[in-house]
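Okay, here's what each chain looks like letter by letter:
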Amino acid sequence: MGLPGRRNPASLRRSGRLPVYVAGVFFVASILLMFRDEILYLTTARSPSLPTAGSSDGAGLIQRREELSVNKPVLRGHGGKPEKHHSVTERHRKVSAKRRPKKKKATKAAARKKVMAAPVAAGAELNVPETCDLSKGKWVFDNATYPLYREEACEFLTAQVTCMRNGRRDDGYQKWQWQPRDCDLPPAFDARLFMERLRGKRLMFVGDSLNRNQWESMVCLVQPALSPGKNYVTWWEGQRVVLHAWEYNATVEFYWAPFLVESNSDDPKMHSVRDRVIKPEAIAAHAGDWLGVDYLVFNTYIWWMNTLNMKVVRPTGKTWEEYDEVGRIEAYRRVLDTWATWVNDNVDPARTSVFFMSVSPLHISPEAWGNPGGVRCAKETAPVQNWHGPLWLGTDWDMFRAAANASRAVGRRRRRVPVTFVDVTAMSELRKDAHTSVHTIRQGRVLTPEQQADPATYADCIHWCLPGVPDVWNLMLYARILSRPAAATGRVV
Ligand SMILES: *[C@@H]1O[C@H](CO)[C@@H](O)[C@H](O)[C@H]1NC(C)=O
Ligand SMILES: *[C@@H]1O[C@H](CO)[C@@H](O)[C@H](O)[C@H]1NC(C)=O
Ligand SMILES: *[C@@H]1O[C@H](CO)[C@@H](O)[C@H](O)[C@H]1NC(C)=O
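Here's a quick rundown of the structure. The model shown is predicted, which means the values in this text are computed figures rather than measured ones.

Considerations on the sheet that holds strand S8 (residues 262-263)
Here we have four strands laid out as an open sheet, ordered S8-S9-S11-S12, and mixed in their pairing. At either margin of the open sheet sits one strand with a lone partner, and together these are S8 and strand S12 (323-327). Inspection of the sheet shows strand S9 (residues 277-279) paired to strand S11 (residues 309-313) by two bridges, in the parallel sense. From the neighbouring strand, Ile278 faces S11, where its bridge partner is Val312. Helix-sheet contacts for helix H9 (residues 328-346) involve S9, S11 and S12, and the interaxial angle to S12 is about 100°.

Structure (structure tokens):
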């Protein structure tokens, strides 16, 4: 999936807009500086009552800014009709009909089959082409099929993400479908189909609390296929939270490793440390638990964003105190290299599919999307719409590119293990409306009315409400996984 387009700085200068952009950069930088202490606090908050690693992951100083030219984000308002909704539904019905052949519908299905754009590969249930860049597209209001599940119907959601239960009034953020430019995503998540693919297998999200956010979404998406009493979640089997689905002999797991490599923040329940220190070349203590997993979904980003430099244990260091400070991007590249080497040496591409989730963006400076009267992401009720030009949210595109490059590079190493880089960054940058904001927890408790009235201090514009944006990320995973034959899971690049 592609990298975002960049504007030529020379053309900016010619058009005389450079001073405006420079001012923008300074403005965002100063906002980030202003919120730094608060962000550090968020980072060190933890929730005693939740069985999860309930703290919010911090983000802080972000020194580099890149211009992201969003290609004509032509988004419709709430009154708009989803453009391709009909055809998407048609295609899904075709697939459904194929799957569950009922006599009455068989002839209809056969007739529809003629107009199918691409044949479904042998052994695959969907036909989203591997070559289709799912990251390019637009958000379309769709209250007919979204949300993909109801907040109150998913028993697995933690109080961190149940925004409506925590007092949010508007629910429009649940009702946007992502319409890729060049192909269609499946209109819905067929839990039974997905769990059949997962039968006898393990799916594991490895990373930080954004990946836990996505795990929570995934267990809600699969829940309709699970019988009551035949599934349960165990909180913290070591580094893991595990949904056991007995009927399928399958698990959907989350593994806490916020830097992927070993760090002093690895205790899933007690990871709030002031100075985060990592061992960029040490991954074995975690990676031993990833062996033999069938679907591995990695991420790491937000925990890097507190400081400009990373604290890295010296080669001779015996304790977490014996560290050097290294530039963030340099340390990030070393970690990605350690990760890539592990994937190359330990993943059997005939069995295991590997995904890497791209940067999940933050929305803490409303000036960036043209709302100078806003307070962080609070009070935002719709995606960024009709915005032409760059969105300066502070996303570190160097880190984005490093992860994209590292993912690609694994496929060129000796054993050619394909890694699918799932680009959700630019699409999620448009979703200023979808964060948990003040409708979340702090230190294990839902924010009080007084705290909710003070979003400048308390709004969490890092994590996402559920149902919401992570459901769409999972729909992308679902589309990729079910468009591949079950036997040969890896993608050849
Ligand atoms: C969906 O949205 C449209 C336009 O806002 C509205 O007229 C309609 O009542 C909504 N339908 C549902 C089921 O909420
Ligand atoms: C259950 O799944 C595991 C892999 O997760 C596999 O090793 C085992 O053989 C499966 N058991 C049965 C009874 O299918
Ligand atoms: C891309 O990955 C290759 C292989 O790991 C590495 O040698 C190269 O330095 C990387 N480039 C960037 C810009 O990260």
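Overview of the environment of Glu380
One can find Glu380 in the loop between strand S13 (353-357) and strand S14 (389-390). Overall, the relative accessible area of 7% leaves Glu380 in the buried class. The spacing of Glu380 and Pro366 is 14 residues in sequence and 9.2 Å in space, taken between C-alpha atoms. If we ignore the near neighbours within four places in the chain, the residues touching Glu380 are Arg168, Asp170, Pro366, Trp369, Asn371, Lys432 and Asp433. Among the polar contacts made by the side chain of Glu380, one reaches the side chain of Lys432 at a distance of 2.8 Å.

A word on the pairing of strand S19 (residues 460-464)
Looking along a regular strand, one sees side chains alternate from face to face of the sheet. Across the five residues that make up S19, a large majority, five, are buried. Bridge analysis of strand S16 (residues 435-437) against S19 gives two bridges, and the strand direction is antiparallel. Bridging from a neighbouring strand, Ser437 pairs with Asp460 of S19.

Thoughts on helix H7 (residues 209-222)
The terminal C-alpha atoms of H7, which comprises 14 residues, lie 20 Å apart, in line with the 20 Å expected from a rise of 1.5 Å per residue. At the N-terminal boundary of H7, the capping side chain belongs to Asp208, with an oxygen 2.9 Å from the backbone nitrogen of Leu210.

Overview of the site of ligand 2
Near ligand 2, the surroundings consist of Gly200, Arg202 and Asn249. Contacts to ligand 2 include Gly200, whose backbone N or O atom sits 3.4 Å from an oxygen atom. For ligand 2, an oxygen atom lies 2.4 Å from a polar atom in the side chain of Asn249.

Regarding the pattern of salt bridges
Under the defined criterion, the tally for this structure stands at 22 salt bridges. Linking Lys432 and Glu380 is a salt bridge whose minimum nitrogen-to-oxygen distance equals 2.8 Å. A residue pair is termed long-range when its members are at least 10 positions apart, and Lys432 in the loop between helix H11 (425-429) and S16 and Glu380 in the loop between S13 and S14 qualify at 52 residues. Like Lys432, the residue Glu380 is buried in the burial classification.

About the thresholds
Residues numbered from 1 in each chain as written. Chains lettered and ligands numbered in written order. Predicted model: local features only at pLDDT ≥ 70, side-chain atom pairs only at ≥ 80, totals over all residues. Heavy atoms only, no water. Pairing = 2+ DSSP bridges. Helix = DSSP H or I, 4+ residues; strand = E, 2+ residues; numbered from the N terminus. Contact = heavy atoms within 4.5 Å. Axes fitted to C-alpha atoms, helices over the stretch in contact; angles between N-to-C directions. Buried < 20%, exposed > 50% of the residue type's maximum accessible area, 1.4 Å probe, protein only. Polar contact = N/O pair within 3.5 Å; in protein donor to acceptor, adjacent residues only side chain to side chain. Expected span 1.5 Å × (residues − 1). Near = heavy atom within 4 Å. Salt bridge = Lys/Arg side-chain N within 4 Å of Asp/Glu carboxyl O.

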